[in-house]
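Each chain is listed here by its residues.
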Amino acid sequence: MKSHARVVVIGGGAIGCGVLYHLARYGWSDVVLVEKNELTSGSTWMAAGNCSFYHPNYYEAKVQMWSVELYQALEAETGQPTGWHTTGAIRLGTTQERMDELKYNATKDRCLGLNVEVIGPERIKELHPLINTDGVLGGLWHPDDGDVDPYQVTQSMAIGARNRGAEIYRFTTVTGIDRAPSGEWVVHTDKGDITCEHVVNAGGLWAPEVGRMVGLDLPSIPCEHHHILFEAMAEAVDRKEKGRHFPLVRDPDLSIYFRQEMDSFILGMYENRAVPWYPKGVPMDYSQKRLATDLERITPWVEACFKRFPIMENSGLKDITCGPITYTPNGDPLVGPAFPHKNFWLCCGYSFGITQAGGIGRYLAEWMINGQPSIDLWPADSRRYGGYVNPVYNMQKIKDTYPRLYAVPYFNQFRDAARPVKTAPSYERQKAAGGVFGDTYGWERAQWFSPKGPDDRDVDSWRRTNWHEPVAEECRKVMTGAGVLDLSGFAKFMVSGPGAEAYLNRIGCNSLPQKVGRVNIFPLLTEQGTFLCDLTVNRLGADQFMVIGAAVAKRHDHHQLLLQLPEDGSVTFEDATTKMGCLVIVGPNSRAILQKLTEADLSSAAWPFAASRRILVDKTPCIANRMNFVGELGWELFHPIEYGLPLYDKLFEAGQDLGITNFGIRAMDSMRLEKGYCTWKGELNIHHTPWEAGLDWQVKLNKGDFVGREALIEQKSKGVPAKLVLMEVDAKDADAMGYNAIWHEGKYVGMTSSGGYGHRVKKSLAMGYISPELAKEGARLEVEILDEKRPAVVVPMPLYDPKNERLKG
């Protein structure tokens, strides 16, 4: 065994072998993998190897697409077959809401370049003659999809890694992980220690145990999962002999999947009740052992199979298998840098590991080698969760997630399990006012306010639904009077010390505010010059700064800031997120309302846009920033969080005769869209630069060196490949949501980054990146919404208040 390596990958399943293979493939040959058992995929226990092009998220679908490409190519490289069968896959729809989901995903998949088609019942029956299409409205057809042998895929990736110099130590147990004085990691095993620069936790069922070795509490719990193998059937034998397997069929409304396995068929199901298995930690001596089966428990799903495939009633059950599969609170994996560590990486929490192993191995290897992956993996980033994710939260969420794995994955959907966790002081007031809440990084935030009062709920839909008109009313009231929005969930960091200015200048592309009492937008970029963090910096003193980020990005941004802190002690860093609240008051009457409560001069002459002051609002000490995300006159009032409720009450008391109202996140999003304001991970992602986003003013090339500067200079000299535009869409009852294909004269030219309805301008809007040649006001395009191309035209950005007279007046 080596005593030193560049990388140690812990875990020899398909995920771990996928990471090892790609690290070696990209030139990091000094890498080792440690596995306590034999190399095998977690899917092997149930002989399942379903691949899938389907995923509701664009980037995770991209991971799955790359997995399929790799599995098809591996045999030629390594000589080890992967058992790949191109069968095609059909996802059925039996309700209109499900069909809308499938149509949205068809649009997204076209952006990926996938071969995809929305088909009707007759075509489904033609593709799979054994299926009963009663009640089926249609389906999503991926003709290039298929399945693999999990064991063979795992071995093939391992061979490919070994052929490039990687080493694999089987039957070797990791017993601990420490930091050496040099800062390197030391992985202790029962066969010796390995010192290394990077550690990858691909421990599968044991990933939480590996995480605990370095102080991490990973939200991953195994649950029992059944599948059934039927007796051999003549129809399957015939297809096998002809080398033309039946397509895999998923019927999410029956919560089953069904595919050919050699001369028979496999049935898998997601039951309506999760059964966690060793939630406090899987025994280290567990090794691919089957769990006790419960035929009575799964009988309803067997009967559902007979309903969809009546021929199976005449087939015997050859084998019933139950095994553990890991799940996270939302069902997506835990990937990327592990907060708060440096060079400790996660690639675990996979419930569909074989589906993504080949792809995620590639993208994690890119992340480790290049500093960022070539696609934005935020939906899988482990830093989407914070310290609020504890064992009780995990259990409640995962019990809710498992039976919903085949539920319609709506945009803007929030589930009730494990809520509330964190609430701002105004929560009960907003709730009484009809607030309908969603959770962001554990914070309850009002999405909209129902005129029906408390206890109203979202009616989930891919189309405009019950909150469309109430949100319109909120926007109108903000535009004509004043509105209050609680954004206490903002990430808030205090950075100070003699090295603070140099530290921030080095990591951000804009200049810092030069004067105390000024606020600047302050993006952090990758080395490739693309967007990493979307921050605002407020200079509070000569060497004191308040850094503000999105609530959802709190741990991500915290980690980025920590990783780049100087080691000389010249910078003091404090997380003030839960110490400070933030109430936003906006609208033409916001100045008059606030003026009733403060002696400060709020006139534009005394207090211009993007200025900040320390003031008293009634008895509440505030850092008040004159800026906002809706494009109206207004202030963000940062305050000690214990003052939040009195401040909220005083604002409403002072605004009673001036049209004050509550408004929620969805009204904010509608209004920011009209202004062309960009969102983090919408427009501002690792695929695009400030030049492409039209945010040149946020870049100061002449301020000296900063992260991403050289890449920006290079792109500017070569020419910007894409430009962000705002489009007015001739939509019907459904608006663009993001990942909608953009077409020009029958050719795909880009995809939307976000979309919705602008209630102040009364137009359906979408933002997206297209070629600079097309990015001109008046350009005629089409935006695909629910499998239908709708006319669109490029409009000025901002569309509302284009001269910013309301914002800066």
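In this text, all values refer to a predicted model and were calculated from it rather than measured experimentally.

Rules behind the numbers
- Residues numbered from 1 in each chain as written.
- Predicted model: local features only at pLDDT ≥ 70, side-chain atom pairs only at ≥ 80, totals over all residues.
- Heavy atoms only, no water.
- Helix = DSSP H or I, 4+ residues; strand = E, 2+ residues; numbered from the N terminus.
- Rg over C-alpha atoms; globule rule 2.2 N^0.38 Å.
- Buried < 20%, exposed > 50% of the residue type's maximum accessible area, 1.4 Å probe, protein only.
- Contact = heavy atoms within 4.5 Å.
- Areas by Shrake-Rupley, 256 points an atom, 1.4 Å probe, with all protein chains shown as cover.
- Lys, Arg positive; Asp, Glu negative; His and termini not counted.
- Charge placed at Lys NZ, Arg CZ, Asp CG, Glu CD.
- Expected span 1.5 Å × (residues − 1).
- Pairing = 2+ DSSP bridges.
- Axes fitted to C-alpha atoms, helices over the stretch in contact; angles between N-to-C directions.
- Disulfide = S-S within 2.5 Å.
- Parallel < 35°, antiparallel > 145°, perpendicular 65-115°, else oblique.
- Nonpolar A, V, L, I, M, F, W, Y, C, P; charged D, E, K, R; others polar.
- Core = buried A, V, L, I, M, F, W, Y, C linked by side-chain atoms within 4.5 Å.
- Phe/Tyr/Trp six-rings, centres within 6.5 Å; stacked < 30°, edge-to-face > 60°.
- Lys NZ or Arg CZ within 6 Å of the ring centre and 35° of its normal.
- Salt bridge = Lys/Arg side-chain N within 4 Å of Asp/Glu carboxyl O.
- Polar contact = N/O pair within 3.5 Å; in protein donor to acceptor, adjacent residues only side chain to side chain.

Caption draft 1: Expanded view of the overall build of the protein. A tally of helices and strands in the protein yields 20 helices and 37 strands. The C-alpha atoms of the protein give 27 Å as radius of gyration, which agrees with the globular expectation for 809 residues (28 Å, within 12%). With the C-alpha coordinates aligned to their principal axes, the bounding extent of the protein is approximately 85 × 65 × 50 Å. Looking at the 809 residues of the protein, the share that counts as buried comes to 63%. Taking contacts inside the protein between residues at least 6 apart in sequence as the whole, the part at least 24 apart equals 72%. In the structure as shown, the protein presents an accessible area of about 29400 Å², 50% of it carried by carbon and sulfur atoms. Across the protein, the centroid of the 88 positively charged side chains sits 4 Å from that of the 99 negatively charged ones.

Caption draft 2: Summary view of helix 3 (residues 96-112). Compared with an ideal rise of 1.5 Å per residue, which puts 17 residues at 24 Å, helix 3 spans 24 Å between its outermost C-alpha atoms and is within 8% of the ideal. Of all 17 residues in helix 3, 13 are buried; the element is thus mostly enclosed. Phi turns positive one or two residues past the end of helix 3, at Gly 113, with a value near 85°.

Caption draft 3: The arrangement of unusual backbone geometry in detail. Note that the residue after Phe 339, namely Pro 340, is joined by a cis bond; omega there is 0°. For Pro 340, the position within the fold is in the loop between strand 17 (334-337) and strand 18 (344-348). With omega at 10°, the peptide bond leading from Met 797 into Pro 798 counts as cis. The phi angle at Asn 343 is positive, at roughly 65°, despite the residue not being glycine. Mapped onto the secondary structure, Asn 343 falls in the loop between strand 17 and strand 18.

Caption draft 4: Representation of the sheet that holds strand 14 (residues 256-261) within the structure. Pairing within the open sheet is mixed, and its eight strands lie in the order 5-6-4-13-14-15-12-16. In this open sheet, the two strands that pair with only one neighbour each are strand 5 (117-119) and strand 16 (317-327). With direction set aside, neighbouring strand axes in the sheet form an average angle of 20°. Sheet topology places strand 12 (residues 221-230) next to strand 15 (residues 264-269); three bridges connect them, and they run antiparallel. Its bridge partner being in strand 15, Ile 228 is matched across the sheet by Leu 267.

Caption draft 5: Inspection of the sheet that holds strand 29 (residues 620-625) at higher detail. Taking strand neighbours across the sheet as the criterion, the six strands line up as 28-29-30-27-21-31 in an open arrangement whose pairing is mixed. Looking at strand neighbours, the two that pair on one side only are strand 28 (612-617) and strand 31 (660-662), the edges of this open sheet. If you compare each strand with its neighbour and ignore which way they point, the axes differ by 30° on average. Packed onto the sheet, helix 12 (residues 468-480) meets strand 21 (482-486), strand 27 (580-586) and strand 31 and runs at close to 120° relative to strand 21.

Caption draft 6: Expanded view of the pairing of strand 17. In the sheet, strand 17 pairs with strand 18 via four bridges, with the strands oriented antiparallel. Pairing of Gly 336 across the sheet is with Leu 346, part of strand 18.

Caption draft 7: Inspection of the environment of Ile 623 at higher detail. Here Ile 623 shows up in strand 29. A relative accessible area of 6% places Ile 623 in the buried class. A sequence separation of 38 residues divides Ile 623 from Thr 661, and the C-alpha atoms of the two residues are 22 Å apart. Excluding residues within four positions of it along the chain, Ile 623 makes contact with Asn 538, Leu 540, Met 546, Met 580, Ser 612, Arg 613, Arg 614, Glu 636, Leu 637 and Phe 638.

Caption draft 8: Inspection of the state of the cysteines at higher detail. The tally for this structure, following the rule as stated, stands at zero disulfides. The cysteine Cys 347 is free of any disulfide, with Cys 348 supplying the nearest cysteine sulfur at 7.3 Å. A residue is classified by how much of its surface remains accessible, and Cys 347, at 1% relative accessible area, is buried. The thiol sulfur of Cys 475 is not disulfide-bonded, and the nearest other cysteine sulfur, from Cys 678, lies at 19 Å.

Caption draft 9: Here's a closer look at the packing of helix 2 (residues 58-78) against helix 9 (residues 353-370). One way to put it is that helix 2 packs onto helix 9 with a least axis distance of 7 Å and a crossing angle of 95°. Compared by their axis directions, helix 2 and helix 9 come out roughly perpendicular. The segment helix 2 lies against helix 9, with Glu 60, Lys 62, Val 63, Gln 64, Trp 66, Ser 67, Leu 70 and Tyr 71 engaging Ile 354, Thr 355, Gln 356, Ala 357, Gly 358, Gly 359, Ile 360, Arg 362 and Tyr 363. Among the residues forming the contact of helix 2 with helix 9, the class breakdown is eight nonpolar, six polar and three charged.

Caption draft 10: Inspection of the environment of Leu 565 at higher detail. Mapped onto the fold, Leu 565 is located in the loop between helix 14 (554-563) and strand 26 (572-575). A sequence separation of 312 residues divides Leu 565 from Asp 253, and the C-alpha atoms of the two residues are 50 Å apart. Setting aside residues no more than four positions away along its own chain, Leu 565 makes contact with Tyr 503, Val 571 and Phe 573.

Caption draft 11: The nonpolar core, seen in detail. Core analysis: the largest hydrophobic core is formed by 79 residues, its most contacted members being Val 9, Leu 23, Tyr 71, Met 157, Val 200, Leu 364 and Met 727. Ranked by residue count, the leading element in this core is helix 2, at 10 residues. If near-sequence neighbours (up to four positions away) are discounted, Leu 23 is found in contact with Val 7, Val 9, Trp 28, Val 31, Ala 365, Met 368 and Ile 369.

Caption draft 12: Structural view of the packing of aromatic side chains. Applying the stated criterion to the full structure yields 30 aromatic pairs. With a centroid separation of 4.9 Å and 85° between ring planes, the pair formed by Tyr 58 and Tyr 59 is classed as edge-to-face. Neither residue differs from the other here; Tyr 58 and Tyr 59 are each classed as buried. Ring geometry for Tyr 410 against Trp 462: centres 6.1 Å apart, planes inclined by 40°, an arrangement best described as tilted. With Tyr 410 in the loop between helix 10 (391-401) and helix 11 (427-432) and Trp 462 in the loop between strand 20 (443-449) and helix 12, this pair connects stretches of sequence that are 52 residues apart. Since its relative accessible area comes to 2%, Trp 462 is described here as buried. Through pairs of rings, three or more aromatic residues link up here, namely Tyr 257, Tyr 270, Tyr 327, Phe 352, Tyr 402 and Tyr 406. Between Lys 36 and the ring centre of Trp 206, over which it is positioned, the NZ or CZ distance is 3.9 Å. Sitting above the plane of the Trp 467 ring, Arg 666 keeps its charged end 4.4 Å from the centroid.

Caption draft 13: Fine view of helix 17 (residues 665-675). With 10 of 11 residues buried, helix 17 lies mostly within the body of the structure. Ile 665, Arg 666, Ala 667, Met 668, Ser 670, Met 671, Arg 672, Leu 673, Glu 674 and Lys 675 are the residues of helix 17 that are buried. For helix 17, the secondary structure elements touched by its buried residues are strand 20, helix 12, strand 21, strand 32 (723-729), strand 34 (747-758) and strand 35 (763-770). Two residues or fewer past helix 17, Gly 676 is found with a positive phi of approximately 75°.

Caption draft 14: Inspection of the pattern of salt bridges at higher detail. Tallied over the full model, the rule gives 50 salt bridges. Between Arg 362 and Glu 366 there is a salt bridge, with the nearest N and O atoms lying 3.1 Å from each other. In this pair, Arg 362 and Glu 366 are both assigned in helix 9, four residues apart and thus about one turn of the helix distant. One exposure class covers both Arg 362 and Glu 366, and it is buried. Notably, a salt bridge pairs Arg 760 with Glu 674, separated by 2.6 Å at the nearest N-O pair.

Caption draft 15: Expanded view of the side chain of Asp 458. Along the chain, Asp 458 turns up in the loop between strand 20 and helix 12. At 2.6 Å, the side chain of Asp 458 forms a polar contact with the side chain of Trp 448. Ignoring sequence-local partners within four residues, the contact set of Asp 458 consists of Asn 412, Val 436, Trp 448, Asn 466, Trp 467 and Arg 666.

Caption draft 16: The arrangement of the side chain of Gln 155 in detail. For Gln 155, the position within the fold is in helix 5 (residues 150-163). Judged by its relative accessible area of 14%, Gln 155 is buried. Once residues within four sequence positions are removed from consideration, Gln 155 is found in contact with Leu 39 and Gln 80.

Just geometry here; none of it tells us what the structure is for.
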